[in-house]
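Chains, contacts and geometry: an overview
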Amino acid sequence: MSACENDGPSQELVADVFARGCTSRATLEDIGSKWAQLALLALGEGGYRFNALRRRVEGVSEKMLSQTLQTLERDGLVTRDVVTAIPPRVEYALTPLGEEVARRLRELADLLERSVPLVTAAREAYDSRADAKAGAGSPR
């Protein structure tokens, strides 16, 4: 089923990311993981072999990257191409849907990168308020 059943009397199929059993919600959860987002962003730069992708996405373990790529492939966002050469190799690339998702993630990442000074200032202000609040409640 590519959509979700509506609980209404018509039982129409509708896509609703807020519905618990909806495929769109499950896919949003899949691409919402840190490693999936970074893999999609990297693959948005072009195809990668597994180890090159692992180097590009700093900090991801081999196991986690493998699981992430399998999930993204299952969701139709990534293709896995086994190249019969000596030695054989596996290359990953984005599908058209994956390209669109990666483009939108890139826009979000660009916004966040441009906003680092704002985020830093907000964090410092928050931490100062939290420290002041903690200090006000401590016995003298």
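These remarks concern the structure in this document. (Residues numbered from 1 in each chain as written. Predicted model: local features only at pLDDT ≥ 70, side-chain atom pairs only at ≥ 80, totals over all residues. Heavy atoms only, no water.)

1. Observations concerning the pairing of strand 4 (residues 78–83)
Consecutive side chains of a regular strand alternate in pointing toward one face of the sheet and then the other. Note that strand 4 and strand 5 (residues 89–94) share 6 bridges and pair antiparallel. Pairing of R80 across the sheet is with Y92, part of strand 5. The loop that links strand 4 with its antiparallel partner strand 5 comprises 5 residues. (Pairing = 2+ DSSP bridges. Helix = DSSP H or I, 4+ residues; strand = E, 2+ residues; numbered from the N terminus.)

2. Structural notes on the environment of L43
Relative to the helices and strands, L43 is located in helix 2 (residues 34–43). By relative accessible area, L43 is classed as buried at 3%. Once the C-alpha coordinates of L43 and G98 are considered, the two residues, 55 residues apart in sequence, prove to be 8.8 Å apart. Sequence-distant contacts of L43, defined by excluding residues within four places in its chain, comprise Y48, L53, L69, V78, Y92, A93 and L94. (Buried < 20%, exposed > 50% of the residue type's maximum accessible area, 1.4 Å probe, protein only. Contact = heavy atoms within 4.5 Å.)

3. Some thoughts on the layout of surface pockets
Its boundaries defined by the atoms lining it, the largest pocket holds a volume of some 250 Å³. Contributing to the lining of the largest pocket are 15 residues, with Q37, L38, L41, R106 and A109 lying nearest its centre. Elements with a minimum of two residues in the lining of the largest pocket: helix 2 and helix 5 (96–114). Among the residues making up the lining of the largest pocket, the classes are represented as 8 nonpolar, 1 polar and 6 charged. (1 Å grid on protein atoms, 1.4 Å probe; cavity = no way out; pocket = protein on both sides within 12 Å on 5 of 7 lines; lining within 4 Å. Points joined across faces, edges and corners; volume = space filled by probe spheres on them. Nonpolar A, V, L, I, M, F, W, Y, C, P; charged D, E, K, R; others polar.)

4. Side note on the packing of helix 2 against helix 4 (residues 62–74)
A pair of packed helices can be characterised by two numbers: the angle between their axes and the separation between those axes. Where helix 2 contacts helix 4, the two axes come as close as 10 Å, and the packing angle between them is 75°. Considered as vectors, helix 2 and helix 4 are oriented roughly perpendicular to each other. Where helix 2 abuts helix 4, its residues W35, A36, A39, L40 and L43 lie against M64, L65, T68, L69 and L72. Each residue belonging to the contact of helix 2 with helix 4 can be placed in one class, and the counts come to 9 nonpolar, 1 polar and no charged. (Axes fitted to C-alpha atoms, helices over the stretch in contact; angles between N-to-C directions. Parallel < 35°, antiparallel > 145°, perpendicular 65-115°, else oblique.)

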